[in-house]
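Fold and geometry: a report
Here is what each chain is made of, one letter per residue.
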Amino acid sequence: MKKLWGARFRSELHETAKKFTYSLGVDHELLSAEIKVSMAHALMLGKVGIISERDSRTLVKGLWKVLAALKRKNLCHMSSEYEDIHTLIQAELEKKVGKLARRLHTGRSRNDLVATSMRVYLKEKITVVLEAINQFQLVLVAQAERNRNVLIPGYTHLQRAQVVSLGHYFLAYVEMLERDKSRFVDARKRMNECPLGAGALAGSTLPIDRAYVAKLLGFQRPTSNSLDSVSDRDFVIEVLSSVAILFTHLSRFSEDLVLWASQEFGFISLDDQFATGSSLMPHKKNPDVLELVRGKTGQAYGNLISVLVTMKGLPLAYNRDMQEDKMSLFASLRILLDTLAILNGTVRTIRVDQAACERASKDSFLFATDLLEYLVKKKVPFLEAHQIVGALVRYALDSHTTLGGLSFETYQKYSRAFKKDVFDLFDPKVSISSKVSSGSPKPELVAKQIRLWKERLKAEAKRLMQAHHRGQ
Ligand code: ARG
């Protein structure tokens, strides 16, 4: 039996239509999840007496054998023979347990089956994604710690703005990635309902026990509406959008590193293992890995848009269009895991040019805001202080010097509030240590954040590893 349908048809599916509709080449990724779902279903059929307990056990044993057999094969090669992963498992099961296999599909349809397998697959995969993100966060924290005292200009509009530390910079991405993790966790919470038993769209007249299947598969409960159950792909879209947002962060991070690795900035250099050369220009060392992270972001967005567009015009309930969700979903997850792995190595091996950072962080215009706040502390109204410092900047630029190069007399001319200690401000270390607001790059605050993140991420890594082993 190579098909799960066909009796009402007079002829075979045209070869081109087969090619066009068959999906094993993509949905083979669901193998383990689908076997699990089928085992739970078989156990339920036995429990409620739709089949005998003995047959139920035989089916489960057979499914184990199918899993073992299929795991060793390249399922893509079978994709012209079998319509989809559901059909392949059914056919293999018949090879293992004979005609009894034909009872497995009782009380379910491929519509609720595929929706369930996708959720089971994703619930596990999200743990793998969380582990990879967490791992990368640890790399970022390690860089933050190593470079916590390296000061650089912080930028807005890519113009030098105020001094920050590399420690503070790397921790900014740790924060972003933590939000990314929480988006995956949220998505997983909402997909924690089991669609199996919704049938093709309208449930079943057989006495199936949906709650039992849900429990066996580790779902919180069965879904509540059969139409919604088979037509919903929100959970795919949520995961894809979580991937897309995460890629926004990875892309921006890569962009900064590309800039920093340029001669114009020169803050970092990449390890030879994670940089490439030019076929023509012998001197070049290019940040291709980082550029590709930026580039792959396009695919991550595209995959999200693809599923959104696929879903937007569909009448309830199931429509075959929905089969197209898998290619996008699997592709996004694959590029995400590849990207996190490569970034891990790239960032771990970055070398920081402390001298270049120091040079840049000494640009005394970076202290204009500190000057302004100096005046505010001397009770000059903020807007007045802003004007005074603005005028000083103008004067310094016109005189081809910097704020630190102006004389004390000049400062006094602009405001009597300036005292000799104003020159103490032109030091990046002073600038950063004078910060008092929470969340600022003040070194003590950054050091504390580094400590907290290290503890938190290590504990999380342990927890995720255990969840991974439990298959959750
Ligand atoms: N392969 C389909 C999918 O991924 C599931 C099969 C449902 N097919 C059908 N003709 N009702 O969505």
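A brief report on the enclosed structure follows. Worth saying up front: this structure is predicted, and the values here are computed from it rather than measured. (Residues numbered from 1 in each chain as written. Predicted model: local features only at pLDDT ≥ 70, side-chain atom pairs only at ≥ 80, totals over all residues. Heavy atoms only, no water.)

1. Focus on the site of the ligand
Keep this limit in mind: By convention in these notes, a residue is near a molecule or strand provided one of its non-hydrogen atoms lies within 4 Å of it. Polar contact is the term for a pair of N or O atoms within 3.5 Å; when the atoms are in protein, one must be able to donate a hydrogen and the other to accept it, and sequence-neighboring residues count only if both atoms are side-chain atoms. Residue exposure ignores everything except the shown protein chains as possible cover, and the areas themselves are Shrake-Rupley values with a 1.4 Å probe. Numbering goes from the N terminus for both helices and strands, where a helix is a DSSP run of H or I of at least four residues and a strand is a run of E of at least two. Residues are sorted three ways: Asp, Glu, Lys and Arg are charged, Ala, Val, Leu, Ile, Met, Phe, Trp, Tyr, Cys and Pro are nonpolar, and all the rest, Gly among them, are polar.
Around the ligand, the neighbouring residues are Ser23, Asp84, His86, Arg110, Asn111, Val114, Tyr318, Arg320, Gln323 and Lys326. A distance of 3.0 Å separates a nitrogen atom of the ligand from a polar atom in the side chain of Asn111. At 2.4 Å, a side-chain N or O of Lys326 approaches an oxygen atom of the ligand. For the ligand, whose accessible area on its own is 340 Å², the fraction buried by protein is 87%. The biggest single contributor to the shell around the ligand is helix H6 (residues 110–146), with three residues. Across the shell around the ligand, the residue classes break down as two nonpolar, four polar and four charged.

2. Some words on the environment of Arg394
By the secondary structure assignment, Arg394 is in helix H15 (residues 382–398). Sequence spacing of Arg394 and Gln220 is 174 residues, and the spatial spacing of their C-alpha atoms is 65 Å.

3. Let's talk about the pairing of strand S1 (residues 151–156)
Test applied: Pairs of strands are assigned from DSSP output, requiring at least two bridges between the strands.
Sheet topology note: the S1/strand S2 (residues 159–165) ladder contains six bridges and is antiparallel. Residue pairing across strands places Tyr155 opposite Arg160, the latter belonging to S2. Hairpin geometry of S1 and S2 is characterised by an intervening segment of two residues between the two adjacent antiparallel strands and by a positive phi of about 55° at His157.

4. Considering the side chain of Ser415
Definition in use: It only takes one pair of heavy atoms within 4.5 Å for two residues to be counted as in contact.
Here Ser415 is to be found in the loop between helix H16 (408–414) and helix H17 (428–433). Setting aside its immediate chain neighbours within four residues, Ser415 contacts Leu375 and Ile388.

5. Quick word on the packing of aromatic side chains
Selection rule: Classification of ring pairs rests on two measures: the distance between centres of Phe, Tyr or Trp rings, Trp counted by its six-membered ring, which must be within 6.5 Å, and the angle between planes, read as stacked under 30 degrees, edge-to-face over 60 and tilted in between. Note on exposure labels: buried denotes an accessible area under 20% of the residue type's maximum, exposed denotes more than 50%, and partly exposed covers the range between, all computed with a 1.4 Å probe on protein chains only. In this scheme, Lys NZ or Arg CZ marks a charge over a ring once it lies within 6 Å of the ring centre and within 35 degrees of the ring normal.
According to the stated counting rule, one finds 19 aromatic pairs in the structure shown. A ring pair is formed by Tyr411 and Phe423, whose centres lie 5.6 Å apart and whose planes are at 85°; its orientation type is edge-to-face. With Tyr411 in helix H16 and Phe423 in the loop between H16 and H17, the pair connects residues that are twelve residues apart, well separated along the chain. Judged by its relative accessible area of 0%, Tyr411 falls in the buried class. Grouping aromatic residues by their ring pairs yields a cluster made of Phe136, Tyr155, Tyr169, Phe170, Tyr173, Phe253, Trp260, Phe265 and Phe267. We note Lys47 situated over the ring of Tyr212; from NZ or CZ to the ring centre the distance is 4.7 Å. In this structure, Lys413 packs its charged tip against the face of Tyr395, placed 6.0 Å from the ring centre.

6. Describing unusual backbone geometry
In this chain, Leu316 is followed by Ala317 through a cis amide linkage whose omega measures 5°. Not every positive phi belongs to a glycine, and Lys379 is a case in point at roughly 75°. Note on placement: Lys379 falls in the loop between helix H14 (368–377) and H15. Non-glycine residue His400 carries a positive phi angle of around 55°. Within the element layout of this structure, His400 appears in the loop between H15 and H16.

7. Quick look at the nonpolar core
To keep things clear, this is the line we draw: Only buried Ala, Val, Leu, Ile, Met, Phe, Trp, Tyr and Cys residues count toward a nonpolar core, and they belong to the same one when joined by side-chain atoms within 4.5 Å.
In terms of nonpolar packing, the biggest core is built from 111 residues, with Phe136, Phe184, Val239 and Trp260 touching the most fellow members. It is H6 that provides the largest number of residues to this core, a total of 17 residues. Residue contacts for Phe136: discarding those within four places in its chain leaves Leu177, Leu250, Phe253, Leu340, Leu343, Asn344 and Val347. Grouped together as the second largest cluster of nonpolar side chains are 24 residues, Val163, Leu366, Leu372 and Ile432 included.

8. What about helix H3 (residues 31–47)?
Let me state the cut-off plainly: Helix span is expected to be 1.5 Å times the residue number reduced by one.
Between the first and last C-alpha of H3 there are 24 Å, a value that for 17 residues agrees with the 24 Å anticipated at 1.5 Å per step. The buried fraction of H3 amounts to 13 of the 17 residues, a majority that puts the element mostly inside the structure. Where H3 ends, the next residue or the one after it, Gly49, has phi of about 85°, a positive value.

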